[in-house]
2 protein chains.
Amino acid sequence: MTTIRDVAKKAGVSVATVSRFLNGSGYVSADAAKAVTDAVDELKYELNPVARSLNTKQSHLIGLIVPDITNPFFPELARAVEDVALTYGYTVILCNSDENPEKERNYLETLKKKYIAGFIVTSNQLDAPHYANMALPIVALDRAINDRIPTVSSNNREGAVMGTQALLQRGCKDILFLRGPEKLNPANDRFEGFMEAITESGVNYHIVTCPFHFADSEKIVEGFLKEHKEIDGIFASSDVSAAGALKAAVTLGIQVPAELQIVGFDGIAMGEMLSPGLTTIAQDVYKMGAIATRVLIKRIENQEIEQHFYEVPVQLKLRGTTRSVEK
Amino acid sequence: MTTIRDVAKKAGVSVATVSRFLNGSGYVSADAAKAVTDAVDELKYELNPVARSLNTKQSHLIGLIVPDITNPFFPELARAVEDVALTYGYTVILCNSDENPEKERNYLETLKKKYIAGFIVTSNQLDAPHYANMALPIVALDRAINDRIPTVSSNNREGAVMGTQALLQRGCKDILFLRGPEKLNPANDRFEGFMEAITESGVNYHIVTCPFHFADSEKIVEGFLKEHKEIDGIFASSDVSAAGALKAAVTLGIQVPAELQIVGFDGIAMGEMLSPGLTTIAQDVYKMGAIATRVLIKRIENQEIEQHFYEVPVQLKLRGTTRSVEK
C-alpha cells in the first residue's frame, strides 16, 4: 500500500509538507502543492478517511434526525438528503427520535464522538439546550425556528389560505377545519392561514384538533359528522387526517365530492391511491430536503449562506375530493 | 481530559495492558481486567471512538442498502434496523441504491474506507462480484440468496397460497393474478404459491405481469377488466398494485367486494386508508428488519448464528375488499 512517505519521496518534499497540504493545516508553496497533487494522482494514494477524521476532526458523515421514518412525510425527505449529500461526498446517518429529547441527546453525543460533520433536524425540541448549545453546524427542517439555526420549511400559512379558498370557490358554506397538534409550528401556521381566509369570507366554520394519525382522525370526524350534518367541506391539516375524514364519510354514506368536499395538506403518494383521489396542498418535500442539505454542507465547509430562513412554495393539487369551481 | 496513561496509573498496570484489554487484542489477567474496568469507571475515561476504529478497524457503523426509501415497504424496515442497532451501540447509514450496481459498488467502497462494520442489503445484485467477494459481514433482506450470505425473508410462497385460497373460499370463479417483476425472487415465490393453489382448485385464471407501481397497475388492470368482464377476483403481488386494481374497479363502476374481490400482498399502512380497506397478506416487516440486524451484529462480533435462512411468517389480514366466507 502506498504511504504518505512514498508520496513525499515522489514529490520531493517532506512528509510534514504532504501532511500539511492534505489536511489543509498550514502553509504550502504553490510548487509543493502541485508536486504533492501530482504524486497523489500518480501513486493513486488514498487518504485513510478514519485517520483523516482524527486529524481534521471531520468524517463526512451527516446525521439526519427525524421523529419517525415510517411517517410517510419523512422517507422522501431522507431520500433528498441522501441524494444531495452523496453528490458532495457525504453519507447520511439515519436517526429516529420519536420526539424524545433523551433519545435526541443520546444521538448527538454518540455521533459527536464519531466526529459527525453536522446535523439536519426535524424536531420540536430545537429550543432545548442540547441543540441551542451545539458547536456543530445544524439546519432545522419543517419545524420550529431558533434565530441562530437556519431553517427550511414550506409556506404553510399561504398553503392553508389556498386550501381554504379552494373549498370556498367550490361553494362550501359550512367548513370543518381539522387542526393539527398545537405544539407543532407548521400546524399552527396552517391554522392561522385557515383563520385568515375563513374570517374574511364570513362563511360558517368549526375547528376540531386532530392528531396526524389516520385511525384517530377517522374516529373524530365520524363522530363530528354525525352531529353536524350541515358540514359540506373539510380542510385537514395533513393528508393522513384527510384520508381518515374521507373514510368516515364513506362509512356514513356521504357522497364525496357531491355532498362533502375534502382538501388535505402534504401531497404524499398515498393521496392519489384513494377513491376519489385526494385534493391537497402539496409540499415540495424533496426540495426542502435538498435545500437543507446544501445549506448544511455550506456551513460545514465554512461557506457563506445567503439567508437563514428558506420558505419553499406549496401547490394546490386538484383531484377527485373536490368539484369544479362554481361559476 | 483523562488519557490512557491516567487509567494505567490508576489501575497499577502498564499502558500496553490497558490498550490490550480495551481493544480486546490480547491476553489480560482477570485481576488486571478488573483493575482497568474500575479505573475506567472511576475516571470516566471515554474511549475515542475514531481512534478506536483505527486500532480495531471497526466503527460500529452499519450500512443499510435499500433500492429506494420512498417505496412504502422500506421505511418500516429501516426503522427496525435502526431500533435494534441502537440497542447494541451501532448506528445506521442509509443508502438508496436505485437497484443500480454502480451506485451499490460506490457505497461499498466509500463505506469500507470508513471501516463500516457490516451491511444489510436489499438488492437483486447479490450474485454480483462486489457482494460475493466481500470480506465484511453482510445479511440479505427480502430478496435473493447466495449460500454464503445469511438471508431473511417472508414466507412468500405460503403467503401466496393463503391469499389465493382466501379468494377461492369466498366464491371467486375467475381470478386475475398480478404477477410482480420477473427478476425479483419474492415475486417469483408468490407466483409459484399462486400457481400451486389455483392449479389444485381447477378454477379459471389469468396472469398479467405488473410492476410494483400504483399508476401503472391501475392502467393495466383497467385495460384488462374492460376486456374480461368475467373476472370476479384479483390477487395482486403487492399492495400498491392492489390499490391500482381497486381504483380501476371504481373507475369502471365495478362494485368491490360485491362483484369483484381483491387481495394484496405487503401489509403497508396505506391499505387501511383505502375504501373499502384492502384485504392483504401482511408481512412482518419490522420483525424481518430486527432479525436481520441481530444476525448481522452477531456476525460482526464473531458470534455463532443458528441458521443461514430465516423465513418470517406472513398473515392474512381481512378488510373490506373481500366478502365473508361462503357457507
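The structure under discussion appears in the preceding block.
Everything in this summary refers to the structure shown in the same document. Note that the coordinates shown come from a computational prediction; the quantities given were computed from them, not determined experimentally.

## A short note on the nonpolar core
Among the nonpolar cores identified, the biggest contains 56 residues, and A:L64, A:I69, A:V152, B:L64 and B:V152 are the most heavily contacted of them. Those residues within four positions of A:V152 in sequence are excluded, and the remaining contacts are A:V139, A:A140, A:L141, A:D142, A:M288, A:I291, A:A292, A:Y310 and A:V312. Counting 52 residues, the second largest nonpolar core, distinct from the first, contains A:L246, B:L178, B:F224 and B:M273.

## Here we look at the interface of chain B and chain A
Of the residues lining the interface, 46 residues belong to chain B; the matching set on chain A comes to 46 residues. Summed over both sides, the interface between chain B and chain A buries roughly 3900 Å², with carbon and sulfur atoms accounting for 62% of that surface. For A:R79, the salt bridge is made with B:D68, and the minimal N-O distance between the two is 3.3 Å. Linking chain B to chain A there are 14 residue pairs in polar contact (both at pLDDT 80 or more). When contributions to the side of chain B that touches chain A are tallied by element, the ones reaching two or more residues are α4 (49-56), α5 (74-87), β2 (91-96), α6 (101-113), α11 (239-251) and α12 (270-273) of chain B.

## A word on helix α9 (residues 185-201) of chain B
All names here are of chain B. Its 17 residues place the ends of α9 25 Å apart at the C-alpha level, agreeing with the 24 Å of an ideal helix rising 1.5 Å per residue. Where α9 is buried, its residues contact α8 (156-169), β6 (174-179), β7 (204-209), β8 (233-236) and β9 (261-266). G202 sits one or two positions beyond α9 and adopts a positive phi of about 75°.

## Things to note about the pattern of salt bridges
Overall, the coordinates contain 20 salt bridges over all chains when judged by the stated rule. Two residues, A:E192 and A:R157, come together in a salt bridge whose shortest N-O distance is 2.7 Å. One end of the pair, A:E192, is in helix α9 (residues 185-201); the other, A:R157, is in helix α8 (residues 156-169), and 35 residues separate them in sequence. Classification of A:R157 as partly exposed rests on a relative accessible area of 36%. B:E102 is the partner of B:R105 in a salt bridge, and the nearest nitrogen-oxygen pair spans 3.0 Å. Of this pair, B:R105 and B:E102 both sit in helix α6, separated by three residues, roughly a single helical turn. Given the relative accessible area of 43%, B:E102 is considered partly exposed. Here the salt bridges do not stand alone but share partners, grouping A:D68, A:D98, A:K103, B:R79 and B:D83 into one network.

## Some thoughts on the side chain of B:D142
By the secondary structure assignment, B:D142 is in the loop between β4 (138-141) and β5 (151-154). Once residues within four sequence positions are removed from consideration, B:D142 is found in contact with B:F73, B:T122, B:V152, B:S153, B:P186, B:Q283 and B:M288.

## Some details on the sheet that holds strand β12 (residues 315-317) of chain A
All names here are of chain A. Taking strand neighbours across the sheet as the criterion, the six strands line up as β7-β6-β8-β9-β10-β12 in an open arrangement whose pairing is mixed. Of all strands in the sheet, those with a lone pairing partner are β7 (204-209) and β12, marking the two edges. Ignoring which end each strand starts from, the neighbouring axes of this sheet average 20° apart. Relative to the sheet, α9 contacts β6 (174-179), β7, β8 (233-236) and β9 (261-266), its axis offset from that of β6 by approximately 165°. The sheet contacts of helix α10 (residues 214-227) involve β6, β7 and β8, and relative to β7 the element is tilted by about 145°.

## A short note on the environment of B:V81
Residues and elements named next belong to chain B. Mapped onto the elements, V81 comes out in helix α5. Classification of V81 as buried rests on a relative accessible area of 0%. Separated by 209 residues in sequence, V81 and A290 have C-alpha atoms that sit 5.6 Å apart. Ignoring sequence-local partners within four residues, the contact set of V81 consists of L64, V92, I120, G289 and T293.

## A few points about the packing of aromatic side chains
All names here are of chain B. This structure, assessed with the given rule, holds 10 aromatic pairs over all chains. Here the aromatic rings of F177 and F191 are separated by 6.3 Å at their centres, their planes lie at 40°, and the arrangement is tilted. Highlighted residues: F177 in strand β6 and F191 in helix α9, separated in sequence by 14 residues. F191 carries the same exposure label as F177, and that label is buried. Seen from their ring centres, F177 and F235 are 5.7 Å apart, and the 65° between their planes marks the pair as edge-to-face. With a gap of 58 residues between them, F177 in strand β6 and F235 in strand β8 connect regions that are remote in the sequence. Residue classification places F177 among the buried positions, given a relative accessible area of 1%.

## What about the sheet that holds strand β10 (residues 279-282) of chain B?
Strand pairs in the sheet, formed through backbone hydrogen bonds, run parallel or antiparallel to each other. Residue and element names in this part refer to chain B. Strand order in the open sheet formed by six strands is β7-β6-β8-β9-β10-β12, and the pairing between neighbours is mixed. The open sheet has two free edges, formed respectively by β7 and β12 (315-317), since each of these has just one partner strand. Strand-to-strand, the axes of this sheet are offset by a mean angle of 20°, without reference to chain direction. Taken together, the six bridges between β6 and β7 define a ladder with parallel strand orientation. Counterpart to D174 in the pairing with β7 is N204. Along the sheet, helix α10 (residues 214-227) makes contact with β6, β7 and β8, crossing β7 at roughly 145°.

Cut-offs applied
- Residues numbered from 1 in each chain as written.
- Chains lettered and ligands numbered in written order.
- Predicted model: local features only at pLDDT ≥ 70, side-chain atom pairs only at ≥ 80, totals over all residues.
- Heavy atoms only, no water.
- Core = buried A, V, L, I, M, F, W, Y, C linked by side-chain atoms within 4.5 Å.
- Buried < 20%, exposed > 50% of the residue type's maximum accessible area, 1.4 Å probe, protein only.
- Contact = heavy atoms within 4.5 Å.
- Buried area = accessible area lost by both parts, 1.4 Å probe.
- Salt bridge = Lys/Arg side-chain N within 4 Å of Asp/Glu carboxyl O.
- Polar contact = N/O pair within 3.5 Å; in protein donor to acceptor, adjacent residues only side chain to side chain.
- Helix = DSSP H or I, 4+ residues; strand = E, 2+ residues; numbered from the N terminus.
- Expected span 1.5 Å × (residues − 1).
- Pairing = 2+ DSSP bridges.
- Axes fitted to C-alpha atoms, helices over the stretch in contact; angles between N-to-C directions.
- Phe/Tyr/Trp six-rings, centres within 6.5 Å; stacked < 30°, edge-to-face > 60°.

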